[in-house]
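If you want the building blocks of each chain, they are given just below.
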Amino acid sequence: MRYHDIVIVGGGPAGLAAAAAARKAGISDLLILERDNVLGGILNQCIHNGFGLHTFNEELTGPEYAARYIAQVEEEKIPYRLNTIVADITHDRQVTYINREEGLVTIRAGAVILAMGCRERPRGALNTPGYRPAGIYSAGTAQRLMNIEGYLVGREAVILGSGDIGLIMARRMTLEGAKVKAVAEIMPYSGGLKRNIVQCLDDYGIPLKLSHTVVQIHGKDRLTGVTIAEVDADKNPVPGTEEYYSCDTLLLSVGLIPENELSKGAGISLNRVTSGPNVNDRLETEAEGIYACGNVLHVHDLVDFVSQEAALAGENAAEYVKRKKSPEAAAKPARRIPLSAENGVRYTVPQFLEADGMRDTVTVRFRVADVYKDRYISVYYDEKRIMRKKKKVLAPGEMEQVTLTRKSLEEHPQTERITIRTEVE
Amino acid sequence: MEVKELICINCPMGCPLTVTIDGDSLSVTGNTCPRGADYARKEILSPTRIVTSSVRVNGGTIARVSVKTRSDIPKGKIFDVMKEIRAAQLEAPVEMGDVVIADCAGTGVDVIATKSVGRA
C-alpha cells in the first residue's frame, strides 16, 4: 500500500495553510486531496473584499487570498490531486479516495489532516410549509451560480437568515440589478458580522427584520412570494403579524454545518455544540495522528483564523510524524485537562489540553450564546480565576478567543479543569 | 456638538466607533487601530467603498472573472461603476491584476481582475 507522511483532506483555505505549514516544518511527503477542479475551496466564489487583514495586513478578495496560499503550495511543489473524492478514512489512518485517473485507491498516512470545511443548512432542515417551487436557493449556491457560473438567480428576492453569506448576497444581488426586499432573521440579533450589516444592508436600504421568519412559501412551479411573520420569545409566529412579500427568489442563510461524515466513519466522536471533532490543544482528534482544522472543526467567521488554526494543525501533524519515526518515540502525554464552557460560553476549541506537551501559548476559540454588553470573559483553573478581559459587546456571530500560557499552568500544577465563562461582575 | 455612532467596516472586528463633531474638529473613540479613526473621518466627510463584482469572460474555463475597484470609490458612485462593470466583457485568458476597466465611471480608479481565468 502506498504511504504518505501527511494526507490532507480538502484543498480549501484550511487544507492549503496546513500543507504549507507542514512543509515548512520539514515534511516533504505530503498529499492534498481536493474534490473540486481547482484549489481554494469556497474562497473562489467569495469575490467580496475583507479577507487577509490579520494575515497579510491588507484587504483582499477571496480569490486573491486563496491565490497567496495556492502560490505557496505551487512554489513548494506540494502534490495535490483535484477532482478527487475521499470515500473513507479509518481510525488507523488508511485513506480511500476515488478519481478518474486512478480509480479507487487506498493509501496509508503517517498523519491525516481533516480540512473538509462545512456545508449549508438546507431548506429541509427548516420545516417551512408550502410547495417546493423553483427559486429557493441556499445563499452559497446562489453565490456560486452568480459569481462562477454567471447566472442572475432572480430579480426580486427575500433572504431568510442573516448569516454572512446571506448578507453578502443581499448586496451582490442588489449590485447586479435585483431588488432585495428584506432579510428576515428569526433570532432577535443577526448571525452575521456587524460590518456586513452596515455595508451590505444599511448601504442599500435593505431592511433587516429581526425576530421574523418565513411562515409560508407561495408558488407551485416558480416562487411567487413568501409570507413573513414576527415570532415571539419561543420563536412561534405571532398571529396577525403576517406580511406578504412578492418575490421570485428566496435565499436561505440559516447556518453552516461542519462536514464530518468522514470523521464519523473513522470512529471520531463529534462535539454536540460545534458538530466538529473534539480535539486537544494540538488539534488532534480522538484518533491518534488525525488532526482537524478550519470549518470542519468549528465554523469560523474569519478565514484569517482558519489559516492560523490550520497552520498549527500542519505543524503538529509534522511533529507527530517526525516523533513516530524517531527511535525513542515518546509516549503520548498523559495529563489531560478538560476545558469547559459555562455561563454564556457555548463551547471551546480545543476541548482538552495535554498539559505535559503543551506549547508556550494555546489559543482557545469559542462563541457566546447570546448578545451581551459589558461583560467579562474569565478563565478559571478549577475554582481560581486566572484572568479576565472586559468586552464591550459579545455576539454569537463573532468568534472570541483567549490565550492560555504554559507558564501560568505550570504555576498551578494541580489544575484538573479549565473553565471559560462570561461574567457580569 | 454632535455625536454619531458608527461601526467600523475596515475588517470583520466591526469596532463600535463614537465620533464627536464639534464645528470643524472631529474626534473618534472606540477604534482599536488607526484604520478605525480614518474610517470614521471619511465616513462622516466623504464615505467610500471598494466595489467587488464579476465580469463575463468569453472562452474561459469559467464564465465569470471576479473584479474589484483597485481602491475605494465614493459611495455615491457605486451604481455608476456597476453599470460599466456589467457592460464589460473579456476574452480569456485573464490574469489576476489585469486592468479590466481603466478609470471606471470617471472615478480615476481602475477595475482590476481578482482571479486568473485560463482559456478553456
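Residues numbered from 1 in each chain as written. Chains lettered and ligands numbered in written order. Predicted model: local features only at pLDDT ≥ 70, side-chain atom pairs only at ≥ 80, totals over all residues. Heavy atoms only, no water.

(A) Layout of the sheet that holds strand 2 (residues 16-22) of chain B. All names here are of chain B. The strand order 1-2-3 describes an open sheet built from three strands, whose pairing is antiparallel. Every interior strand has two partners, whereas the edge strands, strand 1 (2-7) and strand 3 (25-29), have only one. Pairwise comparison of adjacent strand axes, ignoring direction, gives a mean angle of 20° for this sheet. In this structure, strand 2 lies alongside strand 3, joined through five bridges in antiparallel fashion. Following the sheet pairing, Asp 22 is matched in strand 3 by Ser 25. Contacts from helix 1 (residues 34-45) reach strand 1, strand 2 and strand 3, with the element oriented near 135° to strand 3. (Pairing = 2+ DSSP bridges. Helix = DSSP H or I, 4+ residues; strand = E, 2+ residues; numbered from the N terminus. Axes fitted to C-alpha atoms, helices over the stretch in contact; angles between N-to-C directions. Contact = heavy atoms within 4.5 Å.)

(B) Here's a closer look at the confidence of the model for chain B. Residue and element names in this part refer to chain B. Mean pLDDT over chain B works out to 92, with 98% of the residues at or above the 70 mark. Mean pLDDT across the elements of chain B ranges from a minimum in strand 1, with 86, to a maximum in strand 10 (residues 111-113), with 98. Both scores are available for the predicted complex, with the pTM at 0.93 and the ipTM at 0.88. (pLDDT = per-residue confidence, 0-100.)

(C) Here's a closer look at the layout of surface pockets. Residues and elements named next belong to chain A. Approximately 610 Å³ is the volume found for the second largest pocket. Where the lining of the second largest pocket is concerned, the elements lending two or more residues are strand 24 (384-394) and strand 25 (400-405). Among the elements that take part in the lining of the second largest pocket, strand 24 stands out by supplying six residues, more than any other. Grouping the amino acids of the lining of the second largest pocket by side-chain chemistry returns eleven nonpolar, five polar and eight charged. (1 Å grid on protein atoms, 1.4 Å probe; cavity = no way out; pocket = protein on both sides within 12 Å on 5 of 7 lines; lining within 4 Å. Points joined across faces, edges and corners; volume = space filled by probe spheres on them. Nonpolar A, V, L, I, M, F, W, Y, C, P; charged D, E, K, R; others polar.)

(D) Representation of the side chain of Thr 415 of chain A within the structure. Residues and elements named next belong to chain A. Positionally, Thr 415 belongs in the loop between helix 8 (406-410) and strand 26 (418-423). Relative accessible area serves as the criterion here: at 5%, Thr 415 is assigned to the buried category. A polar atom in the side chain of Thr 415 sits 2.7 Å from the backbone oxygen of His 412. Excluding residues that lie within four positions of it along the chain, Thr 415 makes contacts with Arg 335, Ile 337, Tyr 381, Asp 382 and Leu 409. (Buried < 20%, exposed > 50% of the residue type's maximum accessible area, 1.4 Å probe, protein only. Polar contact = N/O pair within 3.5 Å; in protein donor to acceptor, adjacent residues only side chain to side chain.)

(E) A look at helix 1 (residues 13-24) of chain A. Residue and element names in this part refer to chain A. For helix 1, spanning twelve residues, the distance from its first C-alpha to its last is 17 Å, which sits close to the expected 16 Å at 1.5 Å a residue. Taken as a whole, helix 1 has its buried residues at Pro 13, Ala 14, Gly 15, Leu 16, Ala 17, Ala 18, Ala 19, Ala 20, Ala 21, Ala 22 and Arg 23. Against strand 1 (3-9), strand 2 (30-33), helix 2 (62-75), strand 8 (103-114) and helix 7 (303-325) lie the buried residues of helix 1. Once helix 1 ends, the next one or two residues include Gly 26, with phi positive near 100°. (Expected span 1.5 Å × (residues − 1).)

(F) Main features of the domain arrangement of chain B. Along its sequence, chain B is organised into domain 1 (2-46) and domain 2 (52-113). A separation of 29 Å is found between the C-alpha centroids of domain 1 of chain B and domain 2 of chain B. (Domains from an automatic or database assignment.)

(G) Looking closely at a nonpolar patch on the surface. Judged by side-chain polarity, Ile 85, Ile 98 and Leu 104 of chain A come together as a nonpolar surface patch covering roughly 290 Å² of accessible area. Topologically, Ile 85 of chain A is positioned in strand 6 (residues 85-89). (Patch = residues over 30% accessible without salt bridge, like charges linked within 9 Å, V, L, I, M, F, W, Y side chains within 5 Å. Areas by Shrake-Rupley, 256 points an atom, 1.4 Å probe, with all protein chains shown as cover. Salt bridge = Lys/Arg side-chain N within 4 Å of Asp/Glu carboxyl O.)

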